[in-house]
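Take a look at the letters that make up each chain.
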Protein chains: 2
Amino acid sequence: MTGVGRLGWLTRRLVSRSQYYLPEFKRVIAGYPVLQKPKAENWGSKKHKAKRTVQLQTTLLAMDPGVEKQLAPYRARCKEQGDLVRQLKADGAPEIDIKREVQELKNRKKELEDMTLKLSPPDTFDRAKMNDLIKRRFFYDNSFAIYGGITGQYDYGPMGCDLVDNMLAEWQKHFVIQERMLKVNCSILTPETVLKASGHVDKFADYMVKDVKTGECFRLDHLIKQHFEKKLADKKTTEEEKQAIDRKLTLLDGMTMDEMDKIVKEYDMKSPLTGNDLTDAVEFNLMFPISIGPSGTLKGFLRPETAQGIFVNFKRLLEYNQGKLPFACAQIGNAYRNEISPRSGLLRVREFTMAEIEHFCDPDDKSHPKFSQVADTEMTLYSACAQMDGEPAKKITIGEAVYGGLVANETLGYYMARIQHYLLKIGINPKKLRFRQHLSNEMAHYACDCWDAECLTSYGWIECVGCADRSAYDLSQHTKGSSVKLCVERPLKEPELVDGMVAVTDKGAIGKTFKKDAKAVQEALAALSSEEAEKMDKTLTESGEYELNGFKLTRAMIPSFKREQKKVHVEEIVPSVIEPSFGVGRVFYALLEHSFRVRENDDKRTFFSLPALVAPIKVSVLPLSSNPEFLPFTTQLADTLTELNLHVRVDDSTGSIGRRYARTDEIAIPFGVTVDFDTVNNNPHTVTLRERDNTEQVRMPIEEIPLTIRKLADGKIRWKDVTDKWPKFIAQETTK
Amino acid sequence: MTGVGRLGWLTRRLVSRSQYYLPEFKRVIAGYPVLQKPKAENWGSKKHKAKRTVQLQTTLLAMDPGVEKQLAPYRARCKEQGDLVRQLKADGAPEIDIKREVQELKNRKKELEDMTLKLSPPDTFDRAKMNDLIKRRFFYDNSFAIYGGITGQYDYGPMGCDLVDNMLAEWQKHFVIQERMLKVNCSILTPETVLKASGHVDKFADYMVKDVKTGECFRLDHLIKQHFEKKLADKKTTEEEKQAIDRKLTLLDGMTMDEMDKIVKEYDMKSPLTGNDLTDAVEFNLMFPISIGPSGTLKGFLRPETAQGIFVNFKRLLEYNQGKLPFACAQIGNAYRNEISPRSGLLRVREFTMAEIEHFCDPDDKSHPKFSQVADTEMTLYSACAQMDGEPAKKITIGEAVYGGLVANETLGYYMARIQHYLLKIGINPKKLRFRQHLSNEMAHYACDCWDAECLTSYGWIECVGCADRSAYDLSQHTKGSSVKLCVERPLKEPELVDGMVAVTDKGAIGKTFKKDAKAVQEALAALSSEEAEKMDKTLTESGEYELNGFKLTRAMIPSFKREQKKVHVEEIVPSVIEPSFGVGRVFYALLEHSFRVRENDDKRTFFSLPALVAPIKVSVLPLSSNPEFLPFTTQLADTLTELNLHVRVDDSTGSIGRRYARTDEIAIPFGVTVDFDTVNNNPHTVTLRERDNTEQVRMPIEEIPLTIRKLADGKIRWKDVTDKWPKFIAQETTK
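No experiment lies behind these values; they were computed from the predicted model shown. (Residues numbered from 1 in each chain as written. Chains lettered and ligands numbered in written order. Predicted model: local features only at pLDDT ≥ 70, side-chain atom pairs only at ≥ 80, totals over all residues. Heavy atoms only, no water.)

With respect to the overall build of chain A
Convention followed: Helix and strand assignments follow DSSP, with helices taken as H or I runs no shorter than four residues and strands as E runs no shorter than two, numbered in order from the N terminus. The buried label goes to any residue with under 20% of its type's maximum accessible area, the exposed label to any with over 50%, and the partly exposed label to all in between, with areas taken from a 1.4 Å probe on protein chains only. Whether two residues are in contact is decided by their heavy atoms, any of which lying within 4.5 Å being enough. All accessible areas in this document rest on Shrake-Rupley with a 1.4 Å probe, and a residue is counted as covered only by the protein chains that are shown.
Helix and strand counts for chain A stand at 25 helices and 29 strands. For chain A, the proportion of its 736 residues judged to be buried stands at 55%. Summarising the internal contacts of chain A: among those between residues at least 6 apart in sequence, 71% fall at separations of at least 24. Split by element, the accessible area of chain A, about 32400 Å² in all, is 51% carbon and sulfur.

Quick word on the sheet that holds strand β27 (residues 671–675) of chain B
Residues and elements named next belong to chain B. What counts here: Pairing between two strands is assigned when DSSP locates at least 2 bridges connecting them. Here, axes are lines fitted to C-alpha atoms. For helices the fit covers the stretch in contact, and angles between N-to-C directions go from 0 to 180 degrees.
On the basis of which strands lie adjacent, the open sheet formed by five strands has the order β26-β25-β27-β28-β29 and mixed pairing. At either margin of the open sheet sits one strand with a lone partner, and together these are β26 (648–650) and β29 (697–701). Averaged over all adjacent pairs, the angle separating strand axes in this sheet is 25 degrees, with direction ignored. Pairing of strand β25 (residues 619–623) with β26, which is carried by three bridges, proceeds in the parallel orientation. Of the residues in β26, the one forming a bridge with V621 is V650. Sitting on the sheet, helix α22 (residues 657–666) touches β25, β26, β27, β28 (686–691) and β29, and the angle it makes with β25 is about 165 degrees.

Structural notes on the relation of the copies chain B and chain A
Definition in use: Superposing copies: least-squares fit, C-alpha atoms only, residues required to have pLDDT of at least 70 in both.
Expressed as a screw transformation, the operator carrying chain B onto chain A has a rotation angle of 180 degrees and an axial translation of 0.2 Å, and the superposed copies differ by an RMSD of 0.6 Å. Look at the turn and shift together and you get a two-fold axis relating the two. Looking at the rotation axis and the C-alpha trace of chain B, the residue lying nearest is I290 of chain B, at 3.1 Å. The fraction of interface residues of chain B whose copies in chain A are also interface residues reaches 99%, indicating that both copies meet through the same surface.

As for a positive patch on the surface
Residues and elements named next belong to chain A. Applicable threshold: Each patch is built from residues that are more than 30% exposed by relative accessible area and take part in no salt bridge. Like charges join if they lie within 9 Å; nonpolar side chains (Val, Leu, Ile, Met, Phe, Trp, Tyr) join within 5 Å. Whenever a carboxyl oxygen of Asp or Glu lies within 4 Å of a side-chain nitrogen of Lys or Arg, that contact is scored as a salt bridge. Only four residue types enter the tally: Lys and Arg on the positive side, Asp and Glu on the negative side, with His and both chain ends excluded. Just so you know, the charge point we use is NZ for Lys, CZ for Arg, CG for Asp and CD for Glu.
Taken together, K173, K711, K716 and K725 make up a surface patch of like positive charges. Relative to the elements of secondary structure, K173 occurs in helix α4 (residues 158–177). With relative accessibility at 33%, the residue K173 sits in the partly exposed group.

Observations regarding empty space enclosed by the protein
All names here are of chain B. The condition is simple: Site definitions follow a grid-based scheme: protein atoms alone, a 1 Å grid, a 1.4 Å probe that fits but cannot get out for cavities, and for pockets an open set with protein on both sides within 12 Å along at least five of seven lines, plus lining residues having an atom within 4 Å of a point. Grid points are joined across faces, edges and corners, and a volume is the space filled by probe spheres set on the points.
Enumeration over the complete set of coordinates arrives at 13 cavities of 30 Å³ or more. Here the largest cavity is characterised by a volume of approximately 240 Å³. Taken together, 15 residues form the lining of the largest cavity, with Y154, Y156, E351, F352 and T353 sitting closest to its centre. When residues of the lining of the largest cavity are traced back to their parent elements, those giving at least two are β3 (154–156), β12 (351–361) and α20 (584–595).

A short note on the sheet that holds strand β7 (residues 217–219) of chain B
Residue and element names in this part refer to chain B. The three strands lie next to each other as β7-β6-β8, forming an open sheet whose pairing is antiparallel. Each having just a single partner strand, β7 and β8 (282–285) make up the two edges of the open sheet. On average, each strand axis in the sheet is tilted by 50 degrees relative to the strand beside it, whichever way the strands run. Where strand β6 (residues 205–210) meets β7, three bridges bridge the pair, whose relative direction is antiparallel.

Brief notes about the environment of V673 of chain A
Residues and elements named next belong to chain A. Relative to the helices and strands, V673 resides in strand β27 (residues 671–675). Judged by its relative accessible area of 0%, V673 falls in the buried class. As for V673 and I717, which are separated by 44 residues in sequence, their C-alpha atoms are 17 Å apart.

Digging into the interface of chain B and chain A
What counts here: A simple way to read buried area is as the amount of 1.4 Å-probe accessible surface that goes missing from two parts once joined, with both sides added.
Taken together, the contacts link 90 residues of chain B with 90 residues of chain A. For the chain B and chain A pair, buried surface summed over both sides reaches about 7300 Å², with 57% attributable to carbon and sulfur atoms. If you sort the residues of chain B by the area they bury against chain A, I146, Y147 and Y320 of chain B come out on top, with a joint share of 12%. Viewed at the interface, chain A and chain B are joined by eight salt bridges. Of the charged contacts in the structure, one is a salt bridge between D141 of chain A and R316 of chain B, with a shortest N-O distance of 3.3 Å. Among the elements that make up the side of chain B that touches chain A, the one with the highest residue count is helix α4 (residues 158–177) of chain B (eight residues).

Points about the packing of helix α21 (residues 631–643) of chain B against helix α24 (residues 705–713) of chain B
All names here are of chain B. To keep it simple, the criterion reads: These descriptions rest on fixed angle ranges, namely under 35 degrees for roughly parallel, over 145 for roughly antiparallel, 65 to 115 for roughly perpendicular, and the rest for oblique. Less than a right angle of anticlockwise turn of the near helix away from the far helix marks a crossing as left-handed, whereas a clockwise turn marks it as right-handed. Lys, Arg, Asp and Glu make up the charged group, whereas Ala, Val, Leu, Ile, Met, Phe, Trp, Tyr, Cys and Pro make up the nonpolar group; the residues left over, Gly among them, are polar.
Where α21 meets α24, the axes come as close as 9 Å, and the angle between the chain directions of the two elements is 40 degrees. Classed by the angle they form, the pair α21 and α24 counts as oblique. Helix-helix and strand crossings are classified by hand; for α21 and α24 the assignment is right-handed. For the pair α21 and α24, the contacting residues are L637, T640 and L641 in the first and I705, P706 and I709 in the second. Among the residues making up the contact of α21 with α24, the classes are represented as five nonpolar, one polar and no charged.

Here we look at unusual backbone geometry
The omega torsion across N683 of chain A and P684 of chain A is 5 degrees, close enough to zero to call that bond cis. Inspection of the secondary structure assignment puts P684 of chain A in the loop between α23 (677–681) and β28 (686–691). For Q322 of chain B, which is not glycine, the phi torsion reads 55 degrees and is therefore positive. Checked against the element boundaries, Q322 of chain B lands in the loop between α11 (314–320) and β11 (327–336). The exposure class of Q322 of chain B is partly exposed, given its relative accessible area of 32%.

Examining helix α15 (residues 410–426) of chain A
An α-helical turn contains 3.6 residues, so a residue and the one three or four places further along point in the same direction. All names here are of chain A. What counts, and what does not: The span you would expect from a helix comes to 1.5 Å times its residue count less one.
In this model, α15 (17 residues) spans 24 Å end to end at C-alpha, consistent with the 24 Å of a helix rising 1.5 Å per residue. By the criterion of burial, α15 is predominantly enclosed, with 14 of the 17 residues buried. Directly after α15, the chain includes G427, whose backbone phi takes a positive value near 120 degrees.

Quick word on the pattern of salt bridges
Taken as a whole and judged by the stated rule, the model has 108 salt bridges over all chains. A salt bridge links R436 of chain A to E454 of chain A; the nearest nitrogen and oxygen atoms lie 2.9 Å apart. Of this pair, R436 of chain A sits in strand β15 (residues 433–437) while E454 of chain A sits in strand β16 (residues 449–457), and the two are 18 residues apart along the sequence. Note that K394 of chain B is salt-bridged to E391 of chain B, the shortest N-O span being 3.4 Å. For E391 of chain B, a relative accessible area of 27% puts it in the partly exposed group. A network of salt bridges, in which partner residues are shared, links K79, D83, R86 and D389 of chain A.

Here's the deal with the confidence of the model for chain A
Residue and element names in this part refer to chain A. Our working definition: Confidence per residue, as judged by the predictor, is encoded in pLDDT with a range of 0 to 100.
Taken over all residues, the pLDDT of chain A has a mean of 86, while the share at 70 or more is 89%. A low-confidence stretch, residues 1–7 (pLDDT under 50), is modelled with 27 contacts involving residues beyond four sequence positions or located in other chains. Note on residues 12–60: pLDDT under 50 across the span, and 129 contacts to partners over four residues away in sequence or across chains. Interface scoring of the predicted complex returns ipTM 0.81; its pTM is 0.82.

Details of the packing of aromatic side chains
Which entries qualify depends on this criterion: In this analysis, rings of Phe, Tyr and Trp, with Trp reduced to its six-membered ring, are considered paired at centre separations within 6.5 Å, and the interplanar angle assigns stacked below 30 degrees, edge-to-face beyond 60, and tilted for intermediate values. A ring is scored as having a charge over it whenever the NZ atom of a lysine or the CZ atom of an arginine sits within 6 Å of its centre and within 35 degrees of its normal.
Evaluation of the coordinates by the stated rule reveals 48 aromatic pairs over all chains. An aromatic cluster is present here, built from F125, F139, F596 and F608 of chain A joined pairwise through their rings. One residue, R690 of chain A, lies across the ring of Y661 of chain A, its end atom 4.3 Å from the ring centre. One residue, R434 of chain B, lies across the ring of W461 of chain B, its end atom 4.1 Å from the ring centre.

Structure, rendered in structure tokens:
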């Protein structure tokens, strides 16, 4: 099916087929079991039943026994259906039957998930309260609001902008610098040919219908779902009708456009807004078309993802890396998707920032030299098996997951662990983070394994980072599309003899015609591949002429070709691509939800508990009152902090100190310095330093402040180091 | 005229009229002369003859006497024409006459400039050599080259990308953090209404004609110029014809589209590529149109600049700043212009990054609290006067320029100085930097002063940063377009009494209807402006009802209105905007030209002498040979450097050390560490550290390296501090 939007959001899902390479276990790290190499036909997470027998030392992320008892029937329903799907696959049942049962499996998984969330300890998160804070302090808001706003587009205000910038700065340190990656910044305006080759022109679409009178558009699946839900709630609907609707709803996700269109007609569905008739369903490509240049003849699109820019530059990047594999290239930039009906705030928007990495490696060696450094990382993995068995996600080290065969290879596992390190570092709640493996029918045909880092939010589990082994798909597609070979020469262990066609030349004739260029011509002929030689032979026979590197050659110069064995020292391979792909806006949103807090003693005091590393402003400087004696101290301190490249906010507005602390808490400023009468009168001059989350305060000399804050912001010391060193300052905090 | 592209590139030039505010001199810094406030009608650089009488202590940037003698006649020709223009303006001559003579003045200025460059000491810069290095080491290159490439679009490779990122990181420190600016990141997809209000829909255009058969497009002025130049070079053209052409060429820049079109027809101009006929001229809007959403009904454009995003968020930003002026807001992001014929590499492209600042301030007080900190900055200013008099640019402190009335106000001057600080810090050659003031006919009507930071490159002087006082234009336009007041309340020194309409209410009727909301209704009525009150009175009389803040009011509740005097404590003003606007790609390109070097002893060894602050990679680690004993040292050193967030390159490829130094020089790595046998054998282990520009080396302990490099990269120590501390290491460098 086409409906790209319904599968993963970040991992691109185009249906062209492509060969993929089979990974091997070549390296074993001490302490992990040596596993038998899995048989090729059993490999890949699509068919990983073979590996379920490996005993993994895992911790079940189960709930307390009482709750588990309530969940048991839901788990059983999943397992029953999962087993049925496996059986059908094993029996080679028709695809349509399997699809239907997989859909039922998904529905049962959804029931289980809903029930799990329902039975979880109550989460006090209040989205309306958070959104109020976000809007009031301009973290982000609807674009062009003074002109009525526009759906699916957001402007990031000072707070949001700094938070995203800090997240991305850390991303660059964590990935680009630490892993010594290359980096590119490529064009967003992309010619059609490029996106034709990548598959986006043909396949990057959703289905929709239009109101025949107003032209209002509706996503086809959303429309049907909405109509059916209304029908089910309607008392006039008979039990029989309800059952029929239930059956159709179950099958909806797997339907073709025609099947859905038939339902629209069968139930005589109208526009939910006007009651008008609807057009026939059409495919709607999600890319924004654009014409480049004034003549309107060069068609293009705004790129729907950043990755293609890296693929089309593969040759230059490989050369930059002196022809060697593996290497990784990163890109941060905007991408665009013309969503039919944007919704869920920042989660589905038309303009968004991605941070993508393409790691190119030998398809036959996906080991990673630094894997041992992360092997002990404990992760919450929600495997395809667990999803099919109705089991919960499991805690397991990535070393166990890779050597147990659950995760396809070391490089994929390495990136999964690094993604988790990054997310936790910027403040994602580890209890609301899991890596979910794609089910076989969610995965593009070319991918051999794919895991999404999902964050739990008030919208449910949302995909924030995709991490896929895309095999050779992308480079192969662009090789076909551009006729430029995107491959790597890999030295053979032993030179090989291969049959080939070799030109038999008339050196005299060539020398006479090309003179000083004769040598270049001879070299070009010697370098011919067998296919090229064969083509040349044919062309010379047919037309008598052939142009090679700008030299016009004739039959007289090359009277014949002969077959002979050639010694070959290298082989050409198409690298595999491992792709971690970050939806920056989604990570940003999850981070806001995970760090939103309400003070226990005052539910009007809301704030974001962001780590100092990413907090937009690192420190506030507050004079206790408007007494002019404080001014020289606040000014000089703020200037010194600024010189250390710390983002400072001076709040010298009127209002109690407690009220101003509350204001700085709202925008997540982790540390606050207050200048008071003791500052003026004491020698050395002292100030109070307050921490946002626990509101503890210490009193310390003013000249110690700048470096202390710098170190706190860089994570070089922790708040405890501060309270250990300086006396606590007790003051009642009041916003009155 | 419309042809926006022909005036400044960064400073937007739309021709809608708007009032502008007159600056005043309110603050005088000790040591600077107290100047009489210029008369309003003489103010602004458009009419700054009045200020030419101020004696400025300047240094003439004159050339040596022999050269000056050769330039004298060119200078005289300019002055003669400049005086003529002034005379015509003073006499109130018809605008068309003035336009013609201004054009002639521009031509003479161009002659003077060309001659000056010709007589300047020869510059050894070799663009082809630099471009070879840029391409070979992938600083940047044509986008989508494997698909044949695309004009006007470039991909930044690892080196270019890191260099731009480092430039922008420094920009953020220098401007956003140091000046405590706000920052936003706004949508690029922009609805038509917004750009209609800003003037871009109507005026952001060039003229063009098309080949009637192929559809090939030509910029109208380019086409005419090209045709005329060919005619002038043609021996068959008579002297009389040549004179007519000369006259027309002189007037070309000031012509309307119809006038130009007439010339095309008069000379029967054809497509220069095919000889085919040409269409009538049309205006071609340079924005990329786009339709947002699936229905195709919401028209928009890719933004042609980043500034509008800041203007439309003005209210939120003002609120964020607690309602106070002045404040500045910065934005870095992409912008798009569909150039008719992109050219000159990175200088005129379709997709580019801008870094813009909008500084909002009181129109009656453009003083800047930190101006005294920059007042002594010496700058090369090329004033409108100097341009009209054929005089060279002058070196003058910005303090003298502002208090002498040459630069409109302190805030504008402050930003000009800060722009210069920034450009010099990242490596722009001070001898190839000047600030050129816009002539009155280059300046949009709303701007009261505008200076471009121009860098001298092999393409001539190019505009890299614009710095304009845009008065109230942008906010006024969006107030009109959106009907949302974008203004600030300024406290009056003394409350004023103004006539106003006041509602006379029936409290009982209001209380009975609205109960607990009655108080809110009364407050809303008390807060009515006179205009609103008048409107309400009229509506109540006509229809008997009026809705205020969601409350339905009737005549019975407000039987009448009375006129009375109100005490007003604040006035509403529209802030002025000072706008520094950076074309990031242009600064980047100028920086590359300015830092390109060829080794004196070997003209094949080219490199970029970029400051460590912005160099893409800070340090290389090179083992002297492939001896395995070196490996633990290079690995550990590289890891330690990386932990300090230093971008490191390990070059363990074969090839002499000299050749590898040359490779690292090419990509501007400022420091290189070599591990050799002394490293292995000595205790403490020592390595050599080499500086790129002078190729000096020292020998020092390996454990001192990481912090030394970190400090060098941060500009906390200089190379001299290193050579003072550690013994020099003498080695012959050879690439053989």
